[in-house]
Amino acid sequence: MSYPNIILRRGKEESLDRFHPWVFSGAIYSLPENLEEGDIVNVITHDGRHIGVGHYQIGSIAVRLLHFGETTINEQFFNDRLTQALKLRKALNLDRDDNTAYRLVHGEGDFLPGLIVDIYGNTAVVQAHSPGMHFARETIANALVKLSDIEIKNVYYKSETTLPYKAQLDPQNQYLIGGFETNIAIENGLKFHVDWLKGQKTGFFVDQRDNRSLLEHYSKGRKVLNMFCYTGGFSFYAMRGGAELVHSVDSSAKAITLTNANVELNFPGDNRHQAFAQDAFKFLDGIGNNDYDLIILDPPAFAKHRSALKNALRGYQRLNAKAFEKISSGGLLFTFSCSQAVNKDQFRLAVFSAAAQTGRKVRILHQLTQPSDHPINIYHPEGEYLKGLILYVE
Ligand code: SAH
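Residues numbered from 1 in each chain as written. Predicted model: local features only at pLDDT ≥ 70, side-chain atom pairs only at ≥ 80, totals over all residues. Heavy atoms only, no water.

*Asks:* Tell me about the overall build of the protein chain, residues and numbers included.
*Replies:* When helices and strands are counted, the protein chain shows 10 helices and 20 strands. Against the compact-globule benchmark of 21 Å for 394 residues, the protein chain has a radius of gyration of 22 Å, which places it among compact chains. Overall, the protein chain is about 65 × 45 × 35 Å in size when its C-alpha atoms are taken along their principal axes. Expressed as a percentage of its 394 residues, the buried residues of the protein chain come to 54%. Sequence-distant contacts in the protein chain: of pairs separated by 6 or more residues, those separated by 24 or more amount to 65%. If you sum the accessible surface of the protein chain, you get close to 17,500 Å²; carbon and sulfur atoms cover 49% of it. On the protein chain, the mean spot of the 42 positive side-chain charges and the mean spot of the 43 negative ones are 6 Å from each other. (Helix = DSSP H or I, 4+ residues; strand = E, 2+ residues; numbered from the N terminus. Rg over C-alpha atoms; globule rule 2.2 N^0.38 Å. Buried < 20%, exposed > 50% of the residue type's maximum accessible area, 1.4 Å probe, protein only. Contact = heavy atoms within 4.5 Å. Areas by Shrake-Rupley, 256 points an atom, 1.4 Å probe, with all protein chains shown as cover. Lys, Arg positive; Asp, Glu negative; His and termini not counted. Charge placed at Lys NZ, Arg CZ, Asp CG, Glu CD.)

*Asks:* Break down the packing of helix α2 (residues 75-91) against helix α4 (residues 137-145) for me, citing the residues and quoting the values.
*Replies:* The packing of two helices is summarised by the inter-axis angle and the distance between the axes. One way to put it is that α2 packs onto α4 with a least axis distance of 9 Å and a crossing angle of 50 degrees. Relative to α4, the element α2 lies oblique. Considering only the axes of α2 and α4, their crossing is right-handed. For the pair α2 and α4, the contacting residues are Glu75, Phe78, Asn79 and Leu82 in the first and Thr139, Ile140, Asn142, Ala143 and Leu144 in the second. (Axes fitted to C-alpha atoms, helices over the stretch in contact; angles between N-to-C directions. Parallel < 35°, antiparallel > 145°, perpendicular 65-115°, else oblique. Left-handed = near helix turned anticlockwise from the far one by under 90°.)

*Asks:* Could you give an account of the sheet that holds strand β18 (residues 331-337), with specific residues and numbers?
*Replies:* If you walk across this open sheet you meet the 7 strands as β16-β15-β14-β17-β18-β20-β19, and the pairing is mixed. In this open sheet, the two edge strands, each paired with only one partner strand, are β16 (273-277) and β19 (362-368). For this sheet, the mean inter-axis angle between neighbouring strands, taken without regard to orientation, is 15 degrees. For β18 and strand β20 (residues 387-393), the ladder comprises 7 bridges, and the chain directions are antiparallel. (Pairing = 2+ DSSP bridges.)

*Asks:* Residues and numbers for the side chain of Ser235, please.
*Replies:* You can see Ser235 is positioned in helix α6 (residues 233-240). Discounting chain neighbours no more than four positions away, the residues touching Ser235 are Asn226, Val246, Ser248 and His273.

*Asks:* Explain the pattern of salt bridges to me, and be specific about the residues and the numbers.
*Replies:* Overall, the coordinates contain 16 salt bridges when judged by the stated rule. With its nearest N and O atoms 2.8 Å apart, the salt bridge here joins Asp285 to Lys322. With a gap of 37 residues between them, Asp285 in helix α8 (residues 280-286) and Lys322 in helix α9 (residues 309-326) connect regions that are remote in the sequence. According to the relative accessible area criterion, Asp285 is partly exposed, its value standing at 46%. For Arg363, the salt bridge is made with Glu394, and the minimal N-O distance between the two is 2.4 Å. Pair noted here: Arg363 is in strand β19 and Glu394 is in the segment after β20, with a separation of 31 residues, a long-range link. With a relative accessible area of 30%, Glu394 lands in the partly exposed category. Because the salt bridges share partners, they merge into one network encompassing Lys361, Arg363 and Glu394. (Salt bridge = Lys/Arg side-chain N within 4 Å of Asp/Glu carboxyl O.)

*Asks:* Now, about the site of the ligand: what can you tell me, with residues and values included?
*Replies:* Close contacts around the ligand come from 15 residues, with Arg212, Asp250, Asp279, Ala280 and Asp298 the closest. Arg212 has a polar side-chain atom sitting 2.8 Å from an oxygen atom of the ligand. At 2.7 Å from a nitrogen atom of the ligand is found a side-chain nitrogen or oxygen belonging to Asp279. Protein coverage of the free-state accessible area of the ligand, which is 580 Å², stands at 89%. Within the shell around the ligand, the residues separate by chemical class into 7 nonpolar, 4 polar and 4 charged. (Near = heavy atom within 4 Å. Polar contact = N/O pair within 3.5 Å; in protein donor to acceptor, adjacent residues only side chain to side chain. Nonpolar A, V, L, I, M, F, W, Y, C, P; charged D, E, K, R; others polar.)

See the structure below:
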């Protein structure tokens with residue numbers, strides 16, 4: 001297809017030849033005239049070799065490659081990629097009567113950089129992170145409803161906060177196809193109200209599914225504190241696992257309302273659960289030394305960009321130190337970081353520093369990561385973002 005050509009500077013194709021899907025702006029020798037953000041481009045080496053086709057955007061990542069080699073980016077292209085993505089989720093057995101929530105497209109991990117699609121039953125929530133995906137939204141929506149083996153009736157587009165602000169695309173959150181129907185999704189047999197209209201991200205954090213399951217196994221008879229609970233995900237697994245009591249904390253009153261609604265949905269009238277709309281740090285300051293023997297810390301990304309790394313690491317250390325100070329002897333700490341800018345070793349160092357600061361005897365039982373519906377393209381290690389540790393604290 002005759003897309004405009006972006007020519008690379010000499011020798012700048014090395015990472016692309018290893019299938020890394022980004023072209024950085026510093027690698028570009030020449031841009032075609034009148035190129036606009038979101039345009040589809042060919043990427044060509046300085047000596048004229050065609051590398052692939054991608055979306056152009058202004059910024060340090062200038063092109064996100066959609067395909068290595070020649071192709072036409074149209075509905076068929078998206079249909080093929082989405083079919084492959086669905087095939088993987090089917091192979092992972094995530095699309096079941098008792099599990100209707102999962103991630104269908106995880107950006108580069110599904111060879112669709114800049115695109116996220118989460119499935120909640122018959123509804124797909126689409127999030128664009130690049131102008132190119134924003135312009136392709138209708139095509140993507142059409143490709144989604146045409147997928148065989150899954151019946152998608154509603155496609156909700158939700159990119160108001162994920163597109164580069166400077167691009168001034170002014171995306172409206174809206175249904176591209178269908179409209180609102182039931183918003184109850186099921187994860188491993190537990191039901192959740194998913195608020196994709198007003199909730200955070202696509203409405204639910206599907207990335208903690210496996211870690212929540214693990215928590216269920218360790219919850220029997222424990223007093224559980226679920227910090228940064230959002231819709232209460234971890235809390236219901238703890239309740240099903242036989243926890244003695246479960247307290248959920250989030251600074252957002254809306255999150256607490258959702259959590260309480262979800263308790264009613266799964267465990268009506270169960271008075272083991274209580275929810276608190278409070279700041280996590282203040283809440284931890286206010287508890288006693290023997291109140292909880294299982295604590296979950298799943299804060300929002302402390303570092304959205306590399307520039308914020310130092311402060312983020314300090315934040316993780318401060319938060320974890322508070323939990324180490326208060327958790328009962330024989331307690332389990334489930335601690336996470338979803339900051340892409342913080343790597344596994346840096347996070348572990350922050351948690352180590354927190355443990356050392358409190359002098360508790362701490363052992364690592366499990367090292368956790370994102371689930372299989374958030375695959376990491378082996379050529380794009382940046383796709384690994386969720387890190388977690390389960391610690392035994394004496
Ligand atoms: N554990 C959740 C996801 C957590 S997302 C799940 O399994 O679905 C992070 C949450 O932290 C958000 O709901 C946000 O409202 C909350 N939050 C952010 N800052 C906070 C703070 N200082 N104290 C308590 N909660 C906070």
